[in-house]
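Observations on the model geometry
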There are 2 protein chains.
Amino acid sequence: MATLQDIGVSALINLFGAFLFLIAFAVLRIQPINDRVYFPKWYLSGDRNSPRRSDATLVGKFVNLNYKTYFTFLNWMPQAMKMSESEIIRHAGFDSAIFLRIYTLGLKIFVPAMVLALVVLIPVNVSSGTLFFLKKELVVSDIDKLSISNVQPKSSKFFFHIAVEYLFTLWACFMLYREYNNVALMRLQYLASQRRRPEQFTVVVRNVPDMPGHSVPDTVDQFFKTNHPEHYLCHQAVYNANKYAKLVKQRERLQNWFDYYVLKHQRSPHKKPTCRTGFLGLWGNKVDSIEYYQQQIREFDHTMSLERQKVLKDSKLMLPVAFVSFDSRWGASVCAQTQQSKNPTLWLTSSAPEPRDIYWQNLAIPFISLTIRKLVIGVSVFALVFFYMIPIAFVQSLANLQGLDRVAPFLRPITRLDFVKSFLQGFLPGLALKIFLWILPSVLLVMSKIEGYIALSTLERRAAAKYYYFMLVNVFLGSIIAGTAFEQLHSFLHQSPTQIPRTIGVSIPMKATFFITYIMVDGWAGIAGEILRLKPLVIFHLKNMFLVKTERDRERAMDPGFVDFKETLPSLQLYFLLGIVYAAITPILLPFICVFFAFAYLVYRHQIINVYNQQYESCGAFWPHVHGRIIASLLISQLLLMGLMASKEAADSTPLLIILPVLTLTFHKYCKHRFEPAFGKYPLEEAMAKDKLEKETEPELNMKADLADAYLHPIFRSFEEELGEGEEEKRHREEMPEVKVDKHETLSSSPVTELGTPSHHHQVYNSASPSSHYASAYEQSSSQYEYHYEAHRYEDHEYRYN
Amino acid sequence: MATLQDIGVSALINLFGAFLFLIAFAVLRIQPINDRVYFPKWYLSGDRNSPRRSDATLVGKFVNLNYKTYFTFLNWMPQAMKMSESEIIRHAGFDSAIFLRIYTLGLKIFVPAMVLALVVLIPVNVSSGTLFFLKKELVVSDIDKLSISNVQPKSSKFFFHIAVEYLFTLWACFMLYREYNNVALMRLQYLASQRRRPEQFTVVVRNVPDMPGHSVPDTVDQFFKTNHPEHYLCHQAVYNANKYAKLVKQRERLQNWFDYYVLKHQRSPHKKPTCRTGFLGLWGNKVDSIEYYQQQIREFDHTMSLERQKVLKDSKLMLPVAFVSFDSRWGASVCAQTQQSKNPTLWLTSSAPEPRDIYWQNLAIPFISLTIRKLVIGVSVFALVFFYMIPIAFVQSLANLQGLDRVAPFLRPITRLDFVKSFLQGFLPGLALKIFLWILPSVLLVMSKIEGYIALSTLERRAAAKYYYFMLVNVFLGSIIAGTAFEQLHSFLHQSPTQIPRTIGVSIPMKATFFITYIMVDGWAGIAGEILRLKPLVIFHLKNMFLVKTERDRERAMDPGFVDFKETLPSLQLYFLLGIVYAAITPILLPFICVFFAFAYLVYRHQIINVYNQQYESCGAFWPHVHGRIIASLLISQLLLMGLMASKEAADSTPLLIILPVLTLTFHKYCKHRFEPAFGKYPLEEAMAKDKLEKETEPELNMKADLADAYLHPIFRSFEEELGEGEEEKRHREEMPEVKVDKHETLSSSPVTELGTPSHHHQVYNSASPSSHYASAYEQSSSQYEYHYEAHRYEDHEYRYN
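These numbers were taken from a predicted model, which means no experiment stands behind them.

A count of helical and extended segments in chain A gives 37 helices and six strands. A burial count over chain A gives 55% of its 802 residues as buried. Approximately 36,000 Å² of chain A is accessible, and the part contributed by carbon and sulfur atoms is 63%.

Right under this line is the structure:
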């Protein structure tokens, strides 16, 4: 265990590290050449087209020559604080603004708690001095003098700790309530202030029953015309286009080769690039590469248009899913909240996510398979959390020297070398673990995908939940109790329920120094690394050097990134847990937590304003989870404190703690009733008010035209795009009447609005689409399915048609 | 522990007891004088007005002289089986028919299980013979030879038991699935086949917000006219009439005295009854009783009509609750399933229970208090279940001899008498426990009332759930592990989670004989007692002797009773638990369970057809609970078998059982998704179909007139009733314009239907009301609030206005 000095040294080192990162950031960010790495958000929002301080000189274009700016290297901090919350909502979206609120909530909870704990508990702990007198004999850390460990067993001073725990819980609950209330109100206000969007009028219907002799669209049309006669407007079918998606992928590969050879030819125009047609270009006839790939692409386009026609015509490829649109928010809200059929597994309706939030592959999963999928994934997550060390230990056992010798005896002469040996022994086992931890969030995301959620935002939230459980067991419990999670599970199963909090509670004060170091390394330095954006910086410059030809290419090379909820939320929740657990036990940990929250708040605020570009808007749907996890942390802290007290034989004071979990749970239940519906259901009162307002301001609106292809399957959109760039547009337009028909019908049936703005709608969409390429692809197996057009374009388009 | 012979003797005794009951029943039921005790349902349904076999002779009116009928004393059994299920639904309601299905479900699950267990397990158990050889040394029961105890530890024969548990679980799940499916379909069919009823069009709205300057009816009207403009029809307000209810109670007391004196006068016409006006009639002036009470009643009526006016006029006495009616089932279903306001604690809508099912007192409870009430009751139930022995032990300690001596030393001479002493010592402590157990269901019902549910059916279900927990802990676990529930709780908290099933599992086979006896005494004999109806028989004849003057009085004296779900469901679920737990452990218990289910099925079928008259119709809303408890029993049995196996060191076979609980839970989740919505939500498809059908068949229907006072607060109805019998009707009709206005308005605004049948509606209601007196008052603190008009009258009325 570390002394106070050790902690101080560690803090200094980490502060120095963070400081270095900040200096590097301050220098790098003012270089015009890095402008697209550190301010991509402004390029995306259209406010900036070229670096701000571009001098006339050639050097000035790449390096900042204005030496004055180097002295004000921390001025990003006040800049980050300038923007108001409502401006952030407009600029970066509601999710980002609410995400920042988690940090302010942390500050609001922990700063007063810190003051209280430092003023009350530290004097109490220090004055008691069990460890104080035993110092000579025992090796105890100085930190322990400030913690509850320093209080003698059976002391009546434990009443102070219990009082602090009570006050702290009350304070935390009060802040949680206020914040939940604010967020829920803000969400409703945001929804009310939003302009017309397709998701407000649309409901996704799953498990459309198979009616013999009727196609899916007929069935859907008939059902909703019967059961929602007053508000039903139209619907869009969903196609199973896996095969077509494969073709799109292959065509992209061809296009890449074609681009590559064209580029090559441009650089050395006097030399025609050639290639061989055989396997991997290793043998076969030598041909002109550009012509060859042009020819190939042309043929491919033909195949694709045939496949496309097949998809649209073959009723077997039509999924039992539809996006059903209504003529009012009221109608959509009613349909989303009610049960349609007497068989509750058919005609499942729910509010449609916004178009860019949809995960198309999961739309086709039938109901019965969902139960099984959830069971399988539930078991897998349990196994992953508790037994993840088993496969890693196996890989590690393979990846050590003996293992290598056995598998590859011919390497023996090399592995006998001393420096190779020590490198392998020190490096290989650690590498296996690192790789596992690095790919873990993606694995969890894939697991969530298998569970069958249809919105990307839900998938991220589910993955975040799984990651939280993993961290709770393997980081929090794993650090407190030595041994693997599997060993913990085994010992928990064989201990009595009252013994478990005692076992954990006893070791908690001893691990305070470890967690303080953890907060500094993972928190402080990690956040400083976040602002530096080393990886995107390197990749951007590499791309810039080798690939970028035009301004558009440069935009494509830009990678704004986004707040990765599935990783940041769980680690944030872990910090909340640490702060809450140690508040009454080792209060000296709280200043470190507060510094983390304050620093991370500044950094994320800066990043959200200048860098990140969110992939979708879930309107703060993650808040109930954040709230729930903080409540869970409170419960954990109360149980552990009870266990610790019991082990200190403070029999007089421990029973006082029993009421606290009951009250906390009741508070949670109340909040759930009071606020959670605001995150799931759209209240009819709101819907009706918004409908009425709209009817008054725009009485001659043609809704159907707007909604006709808002939820068109993205592959058709991407295809149109490709064609739009080529010359064959006209031919293909004739070949694909199925998609157009609905729209043209709509337009011709509404001559009034055809002249108005809404009819431009589709063109706006398409003009936005090409830029969708540079939106950093969300990690996903087949990215063709997704259609990311940027938030700002989307909003542009919104503004235009309103 | 008992030998097989002991069990045989006990079975014989119980069979003989049951047989005696049946003989007594067979003799009593064919006496014309008892006809109203054993066949009240037929009187209520109007099919019978006087005993069937009424001879001309005077004796024949009271005693059955037809000696032939005495020989066919078991012919009620085939008679009970004759009626088909659909006839039972028509005759006794859906709840009763579904209640009978629980018994057939028991038979369907346990009869094949019994055959399997007897054929496979008993030979396996007997052949093993650990106990077989140890017989001489150990005192073991013969039953144990047939149970799993007889198998040697580490034997591979445990695979048989595990296979049987698997087969049994699969079979039980299969039957549960089929039955849930059937019941859900039957429920929807029943709802679809029902004629028009007010609850189909009505939604109960709670927590109407307080708008300054607006009365509650105005607020409600405005809100629903705005947010449900297409389907909203009208609404009925609810009044806080606690004070008025007290007056009604007092007036009833006066009326009773008046009736008593009138009766007295009639019996001895030459003597005028007198009484004193002072305290308890002990002093004061002597007056003519009849005149005095007549005068008192007249004055009271005046006070009441003043109070009544006050209630109706004072907007402070109007509760923030309303029954909102729609013009279609679709509209009501939509309103019940959706969230209305952005504050989810306001405008809480849910489907209205049928008028006779409403528990009026709970309508006024505000939302925030509901959370607290649930918390308080949750804690109380926990305390009641685990610490109920503490107050009883306290009372017992008071109620023993020493206690009595201390409290009442003047009784010492009497308590010193030997026979008084032994009586008190043997009787008093037991009496305290008996009284507690006897009032327990009512206490639990009161607790459920405090929780704030607004329908009597929900209250009964909640009370049943609490009673089940009580029985599970105190009867099931309490019998298996010696010691009080509190001691169990203590030991569970200090044992590891894997140890608990082991502790219980080990003692389970040893308690088989106890539970076999329990099934015979509580089950067999209890059911036989049920059919005899000793208590109603005695009370009816007492009333007949002393009170009955007219035929109407005789009808009032009739107490048909009803299936008391809050007691029968939990005990049924306990039998399921016993059968499921012992199926693989001591299969010899299964025949006893099967006999119970078969016998109880016959008896309840007979009672439902001939006796019981249900208070309300919940359309089988209790089925999901029955299903859930049986699933829970399966889980308990799997865990206990695992514990038992572990204690038998059957390490090879135990892990095979781990999959079973996971599968069972998954099955439960699937069923919950698949069927439970059918018991809560009315699907829009169904609602729309029914609406359409009705519109086609009765295009000129006036809904508003029918719905105008369907949910009128019962005290106003009861008052009208009282007045309807007196002469002051007209005066009061003028005095209470508030209630009438709405209805008259409606009628005058629809001249077409005023001539048609619907306008008779109110009269029909009123004519039905007087008979509501004899409906046995549901146990409830202030029964004036309730308004029980009988099912058959209600249905009559339904038929008439359709």
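Turning our attention to the sheet that holds strand S5 (residues 318–326) of chain A. All names here are of chain A. Strand order in the open sheet made by the four strands is S2-S5-S1-S6, with antiparallel pairing throughout. Pairing within the sheet leaves two strands with one partner each, and these edge strands are strand S2 (232–239) and strand S6 (348–351). In this sheet, neighbouring strand axes are inclined to one another by 25° on average, regardless of whether the strands run parallel or antiparallel. Pairing of strand S1 (residues 202–206) with S6, which is carried by four bridges, proceeds in the antiparallel orientation. Bridge pairing in S6 places Val204 opposite Ser350. Contacting S1, S2, S5 and S6, helix H11 (residues 216–227) runs over the sheet at an angle of about 35° to S5.

The next thing to look at is the relation of the copies chain B and chain A. For the pair chain B and chain A, the best superposition has an RMSD of 0.1 Å and corresponds to a rotation of 180° with a translation of 0.1 Å parallel to the axis. Here the transformation between the copies is reduced to the relation of a two-fold axis. Every residue of chain B has its C-alpha some distance from the rotation axis, and the shortest such distance is that of Ser496 of chain B, at 1.8 Å. Both copies present the same face, since 100% of the interface residues in chain B are matched by interface residues at the equivalent positions in chain A.

Listed per partner, the contact involves 45 residues of chain B and 45 residues of chain A. Both sides together, the interface formed by chain B and chain A hides about 4,200 Å², and carbon and sulfur atoms give 64% of it. If you sort the residues of chain B by the area they bury against chain A, Gln339, Lys342 and Glu685 of chain B come out on top, with a joint share of 14%. Between the two partners, chain B and chain A, sit two salt bridges. The interface formed by chain B and chain A holds 14 residue pairs in polar contact (both at pLDDT 80 or more) in total. A total of six residues in the side of chain B that touches chain A trace back to one element, the largest contributor, which is helix H29 (residues 659–675) of chain B.

As a further point, take a negative patch on the surface. The grouping of Glu230 and Asp327 of chain A together with Glu230 and Asp327 of chain B at the surface amounts to a negative patch. Here Glu230 of chain A shows up in the loop between H11 and S2.

Here we take up a nonpolar patch on the surface. Nonpolar side chains collect at one region of the surface, where Leu431, Ile435, Trp438, Ile439 and Val443 of chain A lie side by side and expose about 480 Å² of accessible area between them. Counting through the fold element by element, Ile435 of chain A comes out in helix H19 (residues 418–451).

This next bit is on the environment of Pro209 of chain A. Residue and element names in this part refer to chain A. Within the element layout of this structure, Pro209 appears in the loop between S1 and H11. Judged by its relative accessible area of 18%, Pro209 falls in the buried class. With 355 residues separating them along the chain, Pro209 and Asp564 place their C-alpha atoms 37 Å apart. Every residue in contact with Pro209, bar those within four places of it in the chain, is listed here: Thr219, Leu346 and Trp347.

Residue and element names in this part refer to chain A. Two numbers describe how helix H14 (residues 329–337) lies on helix H30 (residues 684–697): the axes approach to 8 Å, and their chain directions differ by 155°. Between H14 and H30, the interaxial angle falls into the category roughly antiparallel. Contacts between H14 and H30 involve Arg329, Trp330, Ser333 and Val334 from the first element and Leu684, Ala687, Met688, Lys690, Asp691 and Glu694 from the second. Within the contact of H14 with H30, the residues separate by chemical class into five nonpolar, one polar and four charged.

Let's shift gears to the side chain of Ser305 of chain A. Residues and elements named next belong to chain A. Relative to the assigned elements, Ser305 resides in helix H13 (residues 289–313). Assessed through its relative accessible area of 3%, Ser305 is described here as buried. A distance of 2.9 Å separates a polar atom in the side chain of Ser305 from the backbone oxygen of His302.

Turning to the side chain of Asp357 of chain B, a few remarks are in order. Residue and element names in this part refer to chain B. With respect to the helices, strands and loops of the structure, Asp357 is situated in the loop between strand S6 (348–351) and helix H15 (367–387). Look at Asp357: it is buried, it has no salt bridge, and the nearest opposite charge is Arg461 at 6.7 Å. Side-chain polar atoms of Asp357 contact the side chain of Ser457, separated by 2.8 Å. Asp357 has contacts with Ile454, Ala455, Leu456, Ser457 and Tyr616, leaving out every residue within four places of it along the chain.

This next bit is on H30 of chain A. Since one α-helical turn is 3.6 residues long, residues separated by three or four positions face the same way. In a regular helix each residue adds 1.5 Å, so 14 residues correspond to 20 Å; H30 of chain A covers 20 Å between its end C-alpha atoms and thus fits that length. Taken residue by residue, H30 of chain A has Leu684, Glu686, Ala687, Met688, Lys690, Asp691 and Glu694 of chain A as its buried positions. Those residues of H30 of chain A hidden inside the fold are in contact with helix H9 (158–193), helix H10 (198–201) and H14 of chain A together with helix H11 (216–227) of chain B.

All names here are of chain B. Look at helix H23 (residues 512–532): 29 Å from first C-alpha to last across 21 residues, which is about the 30 Å you get at 1.5 Å a residue. Bending of H23 peaks at approximately 30° at the position of Gly526. Arg533 sits one or two residues past H23 and shows a positive phi near 55°.

What follows deals with the nonpolar core. By size, the foremost hydrophobic cluster in this structure holds 149 residues, and its most contacted members are Phe99, Phe110 and Phe476 of chain B. When residues of this core are assigned to their parent elements, the largest contribution, 15 residues, is made by helix H6 (residues 94–128) of chain B. Not counting chain neighbours up to four residues away, the residues in contact with Phe110 of chain B comprise Phe168, Phe576, Gly579, Ile580, Leu590, Ile593, Cys594 and Phe597 of chain B. In this structure, Phe110, Tyr180, Phe565 and Phe576 of chain A belong to the second largest nonpolar core, which totals 148 residues.

For the rest of this paragraph, the subject is the UniProt feature "transmembrane region" (unreviewed entry) in chain A. Residues and elements named next belong to chain A. Mapped onto this numbering, the UniProt entry annotates "transmembrane region" (unreviewed entry) at residues 12–30, 109–134, 158–177, 375–395, 426–446, 467–486 and 574–604. Helix makes up 95% of residues 12–30 and strand makes up 0%, while its end C-alpha atoms are separated by 27 Å. End-to-end, the C-alpha atoms of residues 574–604 are 18 Å apart, and along that stretch the chain is 81% helix and 0% strand.

This part is about the packing of aromatic side chains. All names here are of chain B. Taken as a whole and judged by the stated rule, the model has 74 aromatic pairs over all chains. An angle of 20° between the planes, with centres 6.4 Å apart, marks the rings of Tyr177 and Tyr670 as stacked. Of the two residues, Tyr177 sits in helix H9 (residues 158–193) while Tyr670 sits in helix H29, which places them 493 residues apart along the sequence. Accessibility expressed as a relative area gives 26% for Tyr177, which makes it partly exposed. Tyr670 gets classed as buried once you look at its relative accessible area, which sits at 15%. With a centroid separation of 5.2 Å and an interplanar angle of 70°, the aromatic rings of Phe514 and Phe515 are classed as edge-to-face. Given a relative accessible area of 1%, Phe515 falls into the buried group.

Reading the values: the criteria
- Residues numbered from 1 in each chain as written.
- Chains lettered and ligands numbered in written order.
- Predicted model: local features only at pLDDT ≥ 70, side-chain atom pairs only at ≥ 80, totals over all residues.
- Heavy atoms only, no water.
- Helix = DSSP H or I, 4+ residues; strand = E, 2+ residues; numbered from the N terminus.
- Buried < 20%, exposed > 50% of the residue type's maximum accessible area, 1.4 Å probe, protein only.
- Areas by Shrake-Rupley, 256 points an atom, 1.4 Å probe, with all protein chains shown as cover.
- Pairing = 2+ DSSP bridges.
- Axes fitted to C-alpha atoms, helices over the stretch in contact; angles between N-to-C directions.
- Contact = heavy atoms within 4.5 Å.
- Least-squares fit on C-alpha atoms with pLDDT ≥ 70 in both.
- Buried area = accessible area lost by both parts, 1.4 Å probe.
- Salt bridge = Lys/Arg side-chain N within 4 Å of Asp/Glu carboxyl O.
- Polar contact = N/O pair within 3.5 Å; in protein donor to acceptor, adjacent residues only side chain to side chain.
- Patch = residues over 30% accessible without salt bridge, like charges linked within 9 Å, V, L, I, M, F, W, Y side chains within 5 Å.
- Lys, Arg positive; Asp, Glu negative; His and termini not counted.
- Charge placed at Lys NZ, Arg CZ, Asp CG, Glu CD.
- Parallel < 35°, antiparallel > 145°, perpendicular 65-115°, else oblique.
- Nonpolar A, V, L, I, M, F, W, Y, C, P; charged D, E, K, R; others polar.
- Expected span 1.5 Å × (residues − 1).
- Bend = angle between axes of the 7 residues up to and from the residue.
- Core = buried A, V, L, I, M, F, W, Y, C linked by side-chain atoms within 4.5 Å.
- UniProt positions renumbered as here; feature names shortened; annotations may be inferred.
- Phe/Tyr/Trp six-rings, centres within 6.5 Å; stacked < 30°, edge-to-face > 60°.

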